[in-house]
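Okay, here's what each chain looks like letter by letter:
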Amino acid sequence: MDIRITPKKLSGSVTVPPSKSVAHRMIIAASLSRGSSKITNLSPSVDILATIDCMRALGAKIDFEYGVALIEGIKSPPKTALLDCCESGSTLRFLIPVACALGTTAEFIGRGKLPQRPITPFLEEFPAHGITFDFGKAKSGESLPCSVSGKLTAGSFEIDGGISSQFITGLLFALPLLNGDSEIVLKSHLESKPYVDITLGVLRDFGCEVAETPRGYSVRGGQTFKPFSAAVEGDYSQSAFFYTANSLGSRLEINGLNADSLQGDKKITEICENFNRTGAPFEIDCSDIPDLVPILTVLACFGNGKSRLTNVARLRIKECDRLAAMEDCLNRIGGKVKASEDSIEIEGIETLKGGEVDSYNDHRIAMSMAIAATRCEQPLMIRGAECVSKSFPNFFKVYKSLGGEIVEL
């Protein structure tokens, strides 16, 4: 789907969609529980549907409609399972350890850029803990399709914390299920730690205990996940598009957020407040807030000078190379953006020209450029805009409801 947006400021009231990060974790924890849980305020995004389908394949009973999931926890894991992760890195990296802990021989498949995203920490550690990997069907240099077999054993897991916090989260869901205590030893600084904090919060809600240690995390084995029912809180990473729109001149009332949230992307409120007061350029270490980088790049285009976003190298292995994508998209329409290996620099300008850009099949690129369109001089065409279905299926419907002028081409 290609769309054309006519530049116009947005106005009105918007309720932020539920947090994808929290939803993944609650679905998995409920599926591992002994009993029934009810999770409300769920969005049927492609990533969340992938996790639901994978947990069904692992033996959970899940009825999902109208934003409500009734989940009966796994009673007897299947001997074999096919787990289609679609394009969701969270689904893949969370569920490899879970399937291994359950003793299910599982084949993981995916599409888009997911087969190219690394699972190296598991490959390095799991063979010593009873797990065999088979990449017989995968293309050279890709990690999917991948089959895992064996049953994960407890012990010490040394993990590089600089690739993705998703590996830590996957282990934190799996280790309480094992016979024996385990520890996660971080071999490097843990990037995106707030996402692990979200995991620890969900584990507590579902009755599991994890202790932080000077080296990482200590997990007691033989624990039982307990049923828990709750609503998924609003997503600060999605709210960032609307907060940024306000900073660029729109007038939106943003609702549905938890002020006490553990989400690291809550930092968007502070960033935009500072920008609104001064318009000053900014330098931000994005190691804990990687999902904010695309929209922060848009915001920085309108600062009074040069802004810089650092510790962003991991964005080159997301749904696309997000640094190269934002550099290309914004420069095509008059921006002054330069990406390097681990940073991105943005020179402030008065306005963007408009024109045509590609979404790179990346939901955050498409939504960021839709917000950039509010400050363009001419209409902006976004190719492949349907990719927003990965996390925010009705984004453009909401955009229109706020006064945005969109034509599907």
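Peer 1: Just to check I follow, could you spell out the state of the cysteines for this structure?
Peer 2: Here the structure, examined in full by the defined rule, presents zero disulfides. Unpaired in this structure, Cys272 has its nearest cysteine sulfur neighbour in Cys286, at a distance of 13 Å. A residue is classified by how much of its surface remains accessible, and Cys272, at 2% relative accessible area, is buried. Cysteine Cys320 shares no disulfide, and the gap to the nearest cysteine sulfur, in Cys329, comes to 8.2 Å.

Peer 1: Which parts of the structure should I look at to understand the layout of surface pockets?
Peer 2: Empty pockets left among the atoms are what a rolling probe the size of a water molecule brings to light. In this structure, the largest pocket occupies an estimated 350 Å³ of space. Lining of the largest pocket is provided by 18 residues; of these, Leu32, Arg34, Ile74, Leu102 and Leu177 occupy positions nearest its centre. Of the residues in the lining of the largest pocket, the class split is eight nonpolar, six polar and four charged. In this model, the second largest pocket occupies a volume close to 240 Å³. If you go around the second largest pocket, you meet 16 residues; those closest to its centre are Val22, Gly201, Val202, Asp205 and Glu233. At the level of elements, α1 (20-31), α6 (193-205) and β14 (230-231) are the ones that each hand at least two residues to the lining of the second largest pocket. With four residues, the top contributor of residues to the lining of the second largest pocket is α6. Of the residues assigned to the lining of the second largest pocket, the class counts are nine nonpolar, four polar and three charged.

Peer 1: Would you mind going over unusual backbone geometry with me for this structure?
Peer 2: Peptide bonds are, in most cases, trans, and in most cases residues other than glycine have a negative phi. With an omega of 0 degrees, the peptide bond between Leu144 and Pro145 qualifies as cis. Tracing the backbone shows Pro145 in the loop between β8 (132-134) and β9 (146-149). If you check the backbone angles, Asn41 has positive phi at about 60 degrees while not being a glycine. Relative to the helices and strands, Asn41 is located in the loop between β3 (36-40) and α2 (46-57).

Peer 1: Just to check I follow, could you spell out the environment of Leu380 for this structure?
Peer 2: When you line up the elements, Leu380 lands in strand β21 (residues 380-383). Residue classification places Leu380 among the buried positions, given a relative accessible area of 0%. A C-alpha to C-alpha distance of 8.5 Å links Leu380 and Met369, two positions 11 residues apart in sequence. Beyond its immediate sequence surroundings of up to four residues, Leu380 is in contact with Ile3, Arg4, Ile5, Ile333, Gly354, Gly355, Glu356, Val357, Met369 and Ala373.

Peer 1: Explain the packing of helix α9 (residues 293-300) against helix α10 (residues 322-332) to me, please; I cannot follow it from the model alone.
Peer 2: Relative placement of two packed helices is described by the angle separating their axes and the distance separating the axes. The contact between α9 and α10 brings their axes to 10 Å, and the two run at 30 degrees. It follows that α9 is roughly parallel to α10 by the angle criterion. In this structure, α9 meets α10 at a crossing whose hand is right-handed. Seen from α9, the contacting residues are Val293, Pro294, Thr297 and Val298; seen from α10, they are Arg322, Leu323, Met326 and Leu330. Among the residues making up the contact of α9 with α10, the classes are represented as six nonpolar, one polar and one charged.

Peer 1: Explain α6 here, please?
Peer 2: Since the α-helix packs 3.6 residues into each turn, any two residues three or four apart lie on the same face. The terminal C-alpha atoms of α6, which comprises 13 residues, lie 19 Å apart, in line with the 18 Å expected from a rise of 1.5 Å per residue. Within α6 the residues assigned to the buried category are Pro194, Tyr195, Val196, Ile198, Thr199, Leu200, Gly201, Val202 and Leu203. Count one or two residues on from α6 and you reach Gly207, which has phi positive near 85 degrees.

Peer 1: What is the right way to read the packing of aromatic side chains from this model?
Peer 2: Geometry of an aromatic ring pair is reported as the spacing of the ring centres plus the angle between the planes. For the structure shown, the criterion picks out 14 aromatic pairs. Geometrically, the ring pair formed by Phe395 and Phe396 is edge-to-face, given 5.0 Å between the ring centres and 80 degrees between the ring planes. Each member of the pair, Phe395 as well as Phe396, is classed as buried. Among the aromatic residues, ring-to-ring pairing joins Phe122, Phe126, Phe133, Phe135, Phe157 and Phe167 into one connected group.

Peer 1: Could you clarify how one ought to interpret the pattern of salt bridges in this entry?
Peer 2: Two side chains bearing opposite charge may form a pair once their charged atoms approach each other closely. Inspection of every chain in the model, using the stated rule, returns 25 salt bridges. With its nearest N and O atoms 3.0 Å apart, the salt bridge here joins Asp47 to Lys20. Placement of Asp47 in helix α2 and of Lys20 in helix α1 is noted, with a sequence separation of 27 residues between them. Residue Asp47 shares its accessibility class with Lys20, and that shared class is buried. Its salt-bridge partner being Arg220, residue Glu209 comes within 3.6 Å of it at the nearest N-O pair. With a gap of 11 residues between them, Glu209 in the loop between α6 and β12 (210-212) and Arg220 in the loop between β13 (216-219) and β14 connect regions that are remote in the sequence. Overall, Glu209 belongs to the exposed group, its relative accessible area being 53%. Among the charged side chains, a salt-bridge network with shared partners connects Lys20, Asp47, Asp291, Glu319, Arg322, Asp362, Arg364 and Lys390.

The rules behind each value
Residues numbered from 1 in each chain as written. Predicted model: local features only at pLDDT ≥ 70, side-chain atom pairs only at ≥ 80, totals over all residues. Heavy atoms only, no water. Disulfide = S-S within 2.5 Å. Buried < 20%, exposed > 50% of the residue type's maximum accessible area, 1.4 Å probe, protein only. 1 Å grid on protein atoms, 1.4 Å probe; cavity = no way out; pocket = protein on both sides within 12 Å on 5 of 7 lines; lining within 4 Å. Points joined across faces, edges and corners; volume = space filled by probe spheres on them. Nonpolar A, V, L, I, M, F, W, Y, C, P; charged D, E, K, R; others polar. Helix = DSSP H or I, 4+ residues; strand = E, 2+ residues; numbered from the N terminus. Contact = heavy atoms within 4.5 Å. Axes fitted to C-alpha atoms, helices over the stretch in contact; angles between N-to-C directions. Parallel < 35°, antiparallel > 145°, perpendicular 65-115°, else oblique. Left-handed = near helix turned anticlockwise from the far one by under 90°. Expected span 1.5 Å × (residues − 1). Phe/Tyr/Trp six-rings, centres within 6.5 Å; stacked < 30°, edge-to-face > 60°. Salt bridge = Lys/Arg side-chain N within 4 Å of Asp/Glu carboxyl O.

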